[in-house]
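Residues per chain, in single letters:
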Amino acid sequence: MSQHDTLDLQPTLTWSDDLVMNMDQMDQTHREFVDLLAATETAPEDQLLQSFTELIAHTEEHFSGENQWMLDVDFGPGGCHTDEHEMILKVMREVLRRGQEEGKLAMVRQLTGELAVWFDGHAKSMDAVLAMYLKDVQYDPVTRIVHKPQERAEGAPPPECGVPLDEAAPAA
Ligand SMILES: [Fe+2]
Ligand SMILES: [Fe+2]
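For clarity, every value in this text was computed on a predicted model and none was experimentally measured. (Residues numbered from 1 in each chain as written. Chains lettered and ligands numbered in written order. Predicted model: local features only at pLDDT ≥ 70, side-chain atom pairs only at ≥ 80, totals over all residues. Heavy atoms only, no water.)

A.B. asks: Can you break down the overall build of the protein chain residue by residue, with the values?
C.D. replies: Of the regular secondary structure elements, the protein chain holds five helices and two strands. Taken along its principal axes, the extent of the C-alpha atoms in the protein chain is 65 × 40 × 30 Å. For the protein chain, with 172 residues in total, the buried portion stands at 39%. For the protein chain, the proportion of contacts with a sequence separation of at least 24, taken over those separated by at least 6, is 71%. For the protein chain, the computed accessible surface area is about 10100 Å², with 51% contributed by carbon and sulfur atoms. On the protein chain, the mean spot of the 12 positive side-chain charges and the mean spot of the 33 negative ones are 4 Å from each other. (Helix = DSSP H or I, 4+ residues; strand = E, 2+ residues; numbered from the N terminus. Buried < 20%, exposed > 50% of the residue type's maximum accessible area, 1.4 Å probe, protein only. Contact = heavy atoms within 4.5 Å. Areas by Shrake-Rupley, 256 points an atom, 1.4 Å probe, with all protein chains shown as cover. Lys, Arg positive; Asp, Glu negative; His and termini not counted. Charge placed at Lys NZ, Arg CZ, Asp CG, Glu CD.)

A.B. asks: Which residues make up the packing of helix α2 (residues 45-72) against helix α3 (residues 78-102), and what values go with them?
C.D. replies: Here α2 crosses α3 at 165°, and the two axes come no closer than 10 Å. Comparing their axes, α3 and α2 come out roughly antiparallel. Taken as a pair, α2 and α3 cross one another with a handedness that is left-handed. Considered class by class, the residues forming the contact of α2 with α3 number eleven nonpolar, nine polar and four charged. (Axes fitted to C-alpha atoms, helices over the stretch in contact; angles between N-to-C directions. Parallel < 35°, antiparallel > 145°, perpendicular 65-115°, else oblique. Left-handed = near helix turned anticlockwise from the far one by under 90°. Nonpolar A, V, L, I, M, F, W, Y, C, P; charged D, E, K, R; others polar.)

A.B. asks: Got a sec to walk through the coordination of the iron ion (ligand 1)? Specific residues and values, please.
C.D. replies: Coordination of the iron ion (ligand 1) by the protein is provided by H30 (NE2), H62 (NE2), E66 (OE) and D127 (OD), with metal-donor distances spanning 1.9 to 2.3 Å. The site at the iron ion (ligand 1) holds four donor atoms, and with the angles between them running 85 to 153°, its shape is irregular. Mapped onto the polypeptide sequence, the residues donating to the iron ion (ligand 1) form the spacing pattern H-x31-H-x3-E-x60-D. A separation of 3.5 Å is found between the iron ion (ligand 1) and the iron ion (ligand 2), both of which receive a donor from E66. Of this pair, H30 sits in helix α1 (residues 24-41) while H62 sits in helix α2; the two residues are 32 residues apart in sequence, bridging distant segments of the chain. The exposure class assigned to H30 is buried, which follows from its relative accessible area of 1%. (Donors = N, O, S within 2.8 Å, 3.2 Å for Na, K, Ca; no water. Tetrahedral: all angles 85-135°; square planar, octahedral: opposite > 155°, others 65-115°.)

A.B. asks: So what's going on with the coordination of the iron ion (ligand 2)? Which residues, and what values?
C.D. replies: Bound to the iron ion (ligand 2) on the protein side are E66 (OE), H81 (NE2), H85 (NE2), H122 (NE2) and D127 (OD), at distances that span 2.1 to 2.2 Å. All donors of the iron ion (ligand 2) belong to a single chain; written as a sequence motif, their spacing is E-x14-H-x3-H-x36-H-x4-D.

A.B. asks: Help me get a handle on the packing of aromatic side chains, residues and values and all.
C.D. replies: Following the criterion strictly, the structure yields four aromatic pairs and no others. Relative to F119, the ring of W118 has its centre 6.3 Å away and its plane inclined at 55°; by these criteria the two rings are tilted. F119 carries the same exposure label as W118, and that label is buried. Here the aromatic residues F33, F63, W118 and F119 are joined through ring pairs into a cluster of three or more. (Phe/Tyr/Trp six-rings, centres within 6.5 Å; stacked < 30°, edge-to-face > 60°.)

A.B. asks: Describe the state of the cysteines, listing the residues and the values that go with them.
C.D. replies: Within this structure, the stated rule accounts for one disulfide. Linked covalently through their sulfurs, C80 and C161 form a disulfide whose S-S length is 2.0 Å. When the S-S torsion is -90°, as for the bridge of C80 with C161, the disulfide is left-handed. One end of the pair, C80, is in helix α3; the other, C161, is in the loop between β2 (145-146) and α5 (165-168), with 81 residues separating them in the sequence. (Disulfide = S-S within 2.5 Å.)

A.B. asks: Please provide a residue-by-residue account of the nonpolar core, values included.
C.D. replies: Membership of the largest hydrophobic core comes to 40 residues, with the highest contact counts inside it found for F52, M92, L115 and F119. The set of elements that each furnish at least two residues to this core consists of α1, α2, α3 and α4 (105-136). Here the element with the most residues in this core is α4; it accounts for 14 residues. Each residue touching F119, except ones within four places of it in the same chain, is listed here: L13, L19, H30, F33, V34, H62 and D127. (Core = buried A, V, L, I, M, F, W, Y, C linked by side-chain atoms within 4.5 Å.)

This is the structure:
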């Protein structure tokens, strides 16, 4: 075997149980996202942009699905969560453009590593809070029916957008 047949890259993030939110649709999409992200991060040079393009298409569906759930259940802090989705997609599209037009492949690969770190935090804070809320109101993502809509008590603060990560982390 010649010296550079494999790049021997390792993904920053692989699936683990602490990413499970016990909401089937969300967990399924998140597994696919983690797999596609890892495939992109470790892709050979000649497949990197193709893989990243697939990742962006998957992410567009992933985020718009969650954005729709937030609208369906009238999720208080939905704007903050949706804004973060938009910001991440904007960065992904811009880095794809620079990869395609300027040949900046190293930038694409570097972003995949950064996205892995971002996703780990996003899933465990914003997505975790959303999954919990969807369960509380007994939302069915197939029929899009909210079986137990919640009236917020008068004067009660709106729910948080995400769990601050230092609080979400297990005690040392
Ligand atoms: Fe998500
Ligand atoms: Fe999200």
